[in-house]
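Remarks on the overall topology
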Amino acid sequence: VEVFIDAYLKVKVAEISPDRIVGEGPNYYLVVDWRGLRLKTRKICTVGFIESVSGGGRFTDVVLSHDGASVLVRVWSDSSAYESVAGISTKDAVKVLGTLRVFRENVYVSPLILRKVGPEYLLEFSKRVERDRELIFASLAGRVPAGGLAKAEKEFKGGGGLEGGGAYCYGHPHPRA
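Remember, it's a predicted structure, so these values are computed and weren't measured experimentally.

Definitions and cut-offs
Residue numbers restart at each chain and count upward from 1, following the sequence in its written direction. For a predicted model such as this one, the threshold for reporting local features is a pLDDT of at least 70, and the threshold for listing and counting side-chain atom pairs is 80 or more; totals across whole chains, interfaces and linings nevertheless cover every residue. The side-chain numbers reported here are obtained from all heavy atoms of the structure, hydrogens and water having been left aside. Two rings from Phe, Tyr or Trp (for Trp, the six-membered ring) form a pair when their centres sit within 6.5 Å of each other. Planes less than 30 degrees apart are called stacked, planes more than 60 degrees apart edge-to-face, and all others tilted. Put simply, DSSP H or I for four residues or longer makes a helix, DSSP E for two residues or longer makes a strand, and each gets a number counted from the N terminus. When accessible area is computed with a 1.4 Å probe and restricted to protein chains, residues below 20% of their type maximum are described as buried, those above 50% as exposed, and intermediate ones as partly exposed. Any Lys NZ or Arg CZ that is within 6 Å of a ring centre and within 35 degrees of that ring's normal is treated as a charge sitting over the ring. In short, DSSP must find at least two bridges between two strands for them to pair. Fitting a line to C-alpha atoms yields each axis, with helices limited to the stretch in contact; the angle taken between N-to-C directions then spans 0 to 180 degrees. Contact criterion: two residues are considered in contact whenever any of their non-hydrogen atoms come within 4.5 Å of each other. A pairing counts as a salt bridge when a side-chain nitrogen of Lys or Arg comes within 4 Å of a carboxyl oxygen of Asp or Glu. To form a nonpolar core, buried Ala, Val, Leu, Ile, Met, Phe, Trp, Tyr and Cys residues must be joined to one another through side-chain atoms within 4.5 Å.

Before going further, it helps to examine the packing of aromatic side chains. Counted under the stated rule, the structure contains four aromatic pairs. Ring geometry for Phe4 and Tyr29: centres 5.9 Å apart, planes at 75°, overall edge-to-face. Taken together, the residues span a long stretch of sequence, with Phe4 in strand β1 (residues 2-4) and Tyr29 in strand β4 (residues 27-34) at a distance of 25 residues. The pair formed by Phe4 and Tyr29 is uniform in burial state, with each residue classed as buried. Arranged with centres 6.2 Å apart and planes meeting at 50°, the rings of Tyr121 and Phe125 form a pair that is tilted. Of the two residues, Tyr121 and Phe125 are both situated in helix α2 (residues 121-141); the distance of four residues between them amounts to about one turn of the helix. Just as Tyr121 is buried, Phe125 falls in that class too. Of note, Lys40 hangs over the ring of Tyr29, and the distance from its end group to the ring centre comes to 4.9 Å. In this structure, Arg74 packs its charged tip against the face of Phe59, placed 4.2 Å from the ring centre.

See below:
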């Protein structure tokens, strides 16, 4: 079952990889497979350590890494997060809320918020990733027709969708555009 999340989905840095990105028209989505669900979003929340900061001009590139994976965070000079760049340095732990973007096949996150956190927050964040996904799963369980997710997926792929059509926003039916 594909679930469209129109909220900042907590994801691990390792989950933000080109093989999990799908393009639909001008938009790109991160797709995370989890417990029979395909969570699909453009908005992500992640944490990691600053590996490098470089740039100037129109944007600053921040490389965020955690558990052997990394992702580019591109902070545009006209964005609300730009002032935060001055307060971070290599090896700082940060939390990023932003939108997934792709330019010339390079995946990056354009942040709305970039803020420093304590290193202990990274473990808490991993727990929250799991908890949030359990909540998403539980919120859908009451809406899934008799027969469970397998039947719902079959109906969804057949064009009927769940609750009369379309993918889901977190907590709300969302018609496909």
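The next subject is the sheet that holds strand β3 (residues 21-24). Pairing within the open sheet is mixed, and its four strands lie in the order β1-β5-β4-β3. In this open sheet, the two edge strands, each paired with only one partner strand, are β1 and β3. Here the strands of the sheet are splayed against their neighbours by 30° on average, with no regard to which way each runs. Across the sheet, α2 lies against β1, β4 and β5 (37-41), angled at about 85° from β4, the strand it touches most.

Let's shift gears to the pattern of salt bridges. Taken as a whole, this structure holds twelve salt bridges when the rule is applied. We note a salt bridge from Arg131 to Asp132, for which the minimum N-O separation is 3.2 Å. Overall, the relative accessible area of 45% leaves Arg131 in the partly exposed class.

With four bridges joining them, β3 and β4 adopt antiparallel strand pairing. Among the inter-strand pairings, Ile21 is bridged to a residue of β4, identified as Leu30. Of the strand pairs in this sheet, β4 and β5 are connected by five bridges, and their pairing is antiparallel. Across the sheet, the residue bridging to Val31 is Lys40, located in β5.

One recurring pattern in soluble globular proteins: nonpolar side chains tend to sit buried together. Membership of the largest hydrophobic core comes to 33 residues, with the highest contact counts inside it found for Ile16, Leu30, Leu39, Leu64, Val73 and Leu114. Taken together, the elements giving at least two residues each to this core come down to β4, β5, β6 (43-56), β7 (59-66), β8 (69-76), β9 (93-103), β10 (106-117) and α2. It is β8 that provides the largest number of residues to this core, a total of four residues. Setting aside residues up to four positions removed in sequence, Leu39 forms contacts with Val3, Ile5, Leu9, Leu30, Val31, Val32, Trp34, Arg133 and Ile136. Membership of the second largest hydrophobic core comes to nine residues, among which are Val47, Ala93, Leu97 and Tyr121.

Purely geometric numbers; function is a separate question.
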